[in-house]
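The chain contents come next:
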Amino acid sequence: METILSLQNLSKNYKNVKAVQNLSFTIEKGNVYGILGPNGSGKSTTLGMVLNVVNKTSGNFKWFNGNVAVHDALKRVGAIIERPNFYPYMTAYDNLKLVCKIKSVSTNKIDEKLKIVGLLDRKDSKFKTFSLGMKQRLAIASALLNDPEILILDEPTNGLDPQGIHQIREIIKEIATQGTTILLASHLLDEVEKVCSHVVILRKGVKIYSGRVDEMVASQGFFELKTDKEAELIAILEKHESFGKITKEEGLIKAFLTAPLSASDFNKAMFEQGIVLSHLVNRKESLEEQFLQLTENQSN
Ligand SMILES: Nc1ncnc2c1ncn2[C@@H]1O[C@H](COP(=O)(O)OP(=O)(O)OP(=O)(O)O)[C@@H](O)[C@H]1O
């Protein structure tokens, strides 16, 4: 696996606000990473530090193999961390031509990039006539002009209507299938679930989870149980090797599985121990439920 970016204990304090604390993770080539967290959890600050627009307080980050100066490494990165800003009276094409000049890249990629974001037929329209979604798509085309190895986006669908959101997500997925690594910050669980292969979850500047999105979704799940012999059931569950956490809410016992176990095998085993279950359902938590559980567990 080729490493694109690695963070080691990266931290940022704004006076007494610990915006990012000891954050470590690695970005491997070809994956789509989401930094997920509520407002103020440190997502933008993290992106700002690795893009050299926010000074780190401590820790380190390394682009590529670490032998490239950050300034040179960033030439291989495409990033949109602010609202797209182009010249309103210039056409989409002319705006991108200007970006090519600033970035010292050839203008012969403009049409190709406009096509990726679905704006080729609007290349001669003035920027001011674009919807917010089109402006965001033009910003993506602009960030792609230098054929970056990684595309970084901060809340790419903020403020867009459902159709605009869908278009941007499809474009991001398409760019990823062509081999560009993606890192996006989002406060939307379903965005990360739909677009990303990997996730880093932040809460108050602290990483509380990182890993593959599908592994998070594919946890073993839990049994929802009801019986007249609650105390006996809980005692058995607590000793059982297939269960971790046990909770009781509104008369329902929840037993979280740490290993696969079928509901029928479990039911039979309980019956043999004299416990009749009046309710037995095997459920899986959505990413949202897991996210809430993670953030609750960490609350102070
Ligand atoms: N320039 C700044 N000066 C002081 N505090 C700041 C500054 N920028 C960010 N912060 C604080 O750092 C913390 C993290 O903010 P950050 O913007 O990185 O979070 P975020 O997850 O990107 O949230 P949002 O999506 O709302 O931007 C917050 O408490 C924020 O108030």
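This structure is a prediction, so every number in the text was calculated from the model and none was measured.

Asker: Account for the overall build of the protein, with residues named and values stated.
Answerer: Along its length, the protein carries 11 helices and 13 strands. On the principal axes, the C-alpha backbone points of the protein span a range of 80 × 45 × 35 Å. Within the protein, the fraction of its 300 residues that count as buried is 31%. When contacts within the protein are restricted to residue pairs at least 6 apart in sequence, those whose partners lie at least 24 apart make up 69%.

Asker: Could you give an account of the site of the ligand, with specific residues and numbers?
Answerer: Around the ligand, a shell composed of Tyr14, Val17, Ala19, Gly37, Asn39, Gly40, Ser41, Gly42, Lys43, Ser44, Thr45 and His187 is seen. For the shell around the ligand, the secondary structure elements donating two or more residues are strand 2 (17-28) and helix 1 (43-50). With 3 residues, helix 1 is the largest single contributor of residues to the shell around the ligand.

Asker: Go over helix 3 (residues 92-103), please, and point to the residues and values.
Answerer: The terminal C-alpha atoms of helix 3, which comprises 12 residues, lie 17 Å apart, in line with the 16 Å expected from a rise of 1.5 Å per residue. Those residues of helix 3 lying buried are Ala92, Asn95, Leu96 and Val99. Summarising the axial view, the buried residues of helix 3 lie within an arc of 95 degrees, below the 170-degree limit, and thus occupy one face. Turning to helix 3, the residues buried within the fold contact helix 4 (110-116) and helix 5 (132-144). Among the residues trailing helix 3, Ser104 stands out with phi positive, at a value near 55 degrees.

Asker: Describe in detail unusual backbone geometry, supporting the description with residues and values.
Answerer: Leave glycine aside and you will find that most residues have negative phi; peptide bonds, for their part, are mostly trans. Positive phi is not limited to glycine here, since Asn9 has a value of about 50 degrees. Residue placement: Asn9 occurs in strand 1 (residues 3-14). Judged by C-beta crowding, with 13 C-beta atoms within 10 Å, Asn9 ranks as partly exposed. With phi around 55 degrees, Phe64 is a residue other than glycine that occupies positive phi space. Here Phe64 shows up in the loop between strand 4 (58-63) and helix 2 (70-73).

Asker: Which residues make up the nonpolar core, and what values do they have?
Answerer: Core analysis: the largest hydrophobic core is formed by 56 residues, its most contacted members being Leu138, Ala141, Leu151, Ile152 and Ile182. Residue contributions to this core peak at 7 residues, all from helix 5. Residues Leu233, Leu237, Ile253 and Ala255 belong to the second largest nonpolar core, which totals 10 residues.

Asker: I'd like a description of the domain arrangement of the protein, backed by residues and values.
Answerer: Here the protein is partitioned into domain 1 (3-217) and domain 2 (222-284). Placing a centre on the C-alpha atoms of domain 1 and another on those of domain 2 gives a separation of 44 Å.

Asker: Got a sec to walk through the pairing of strand 7 (residues 181-186)? Specific residues and values, please.
Answerer: Counting buried residues along strand 7, 6 of its 6 residues qualify, which places the element largely inside the surrounding structure. Judged by which residues are buried, strand 7 turns out to be covered on both faces: Thr181, Leu183 and Ala185 on one side and Ile182, Leu184 and Ser186 on the other are all buried. Note that strand 3 (residues 32-36) and strand 7 share 5 bridges and pair parallel. For Ile35, the partnering residue across the bridge sits in strand 7 and is Ala185. Inspection of the sheet shows strand 6 (residues 150-154) paired to strand 7 by 5 bridges, in the parallel sense. Its bridge partner being in strand 7, Ile150 is matched across the sheet by Thr181.

Asker: Lay out the sheet that holds strand 11 (residues 243-249) in plain terms, naming residues and giving numbers.
Answerer: The sheet built from 4 strands is open, its strands ordered 11-12-10-13 with antiparallel pairing. Two strands in the sheet have a free side with no partner beyond their single neighbour: strand 11 and strand 13 (277-283). Taken over all neighbouring pairs, the strand axes of this sheet differ in orientation by 20 degrees on average, direction set aside. Pairing between strand 10 (residues 222-227) and strand 13: 6 bridges, direction antiparallel. Residue Glu224 lies in a different strand from strand 13, and its bridge partner there is Val281. Relative to the sheet, helix 10 (residues 263-272) contacts strand 10 and strand 13, its axis offset from that of strand 13 by approximately 150 degrees.

Asker: Can you lay out the sheet that holds strand 4 for me, pointing to particular residues and giving the numbers?
Answerer: The 3 strands are arranged 2-1-4 in an open sheet whose pairing can be described as antiparallel. Edge positions in the sheet fall to strand 2 and strand 4, since each has one partner strand and no second. This sheet shows a mean twist of 15 degrees between the axes of neighbouring strands, independent of strand direction. Pairing between strand 1 and strand 2: 8 bridges, direction antiparallel. Bridge pairing in strand 2 places Ser6 opposite Thr26.

Asker: A description of the confidence of the model for the protein should follow, citing residues and the corresponding values.
Answerer: Of the residues in the protein, 93% reach a pLDDT of 70 or more, and the chain-wide mean stands at 90. Overall fold confidence (pTM) sits at 0.79, and the ipTM for the predicted complex is 0.96.

How each quantity is defined
- The residue numbers shown here count from 1 along each chain, following its written sequence.
- Restriction of local features to residues with pLDDT of at least 70 applies here, the model being predicted, together with a cutoff of 80 or more for giving and counting side-chain atom pairs; totals for whole chains, interfaces and linings are based on all residues.
- Put simply, DSSP marks the helices as runs of H or I at least four residues long and the strands as runs of E at least two long, and each gets a number from the N terminus on.
- As a rule, residues whose C-beta atom has 12 or fewer other C-beta atoms within 10 Å are exposed, those with 20 or more are buried, and those in between are partly exposed; C-beta atoms are placed from the backbone.
- Placing C-beta atoms from the backbone, we regard two residues as in contact once those atoms come within 7 Å.
- Here, nearness means that the C-beta atom of a residue, built from backbone geometry, sits within 6 Å of the molecule or strand in question.
- The span expected for a helix works out to 1.5 Å for each residue beyond the first.
- Regarding the arc, it is the one traced by the directions from the helix axis to the C-beta atoms.
- Each nonpolar core reported here comprises buried Ala, Val, Leu, Ile, Met, Phe, Trp, Tyr and Cys residues connected via C-beta atoms within 7 Å.
- In this entry, domain limits derive from an automatic or database-based domain assignment.
- By definition, two strands form a pair when at least two bridges between them are found by DSSP.
- In this analysis an axis means a line fitted to C-alpha atoms, helices contributing only their contacting stretch, and an angle means the value between N-to-C directions, from 0 to 180 degrees.
- What pLDDT expresses is the predictor's confidence in each residue, scored from 0 to 100.

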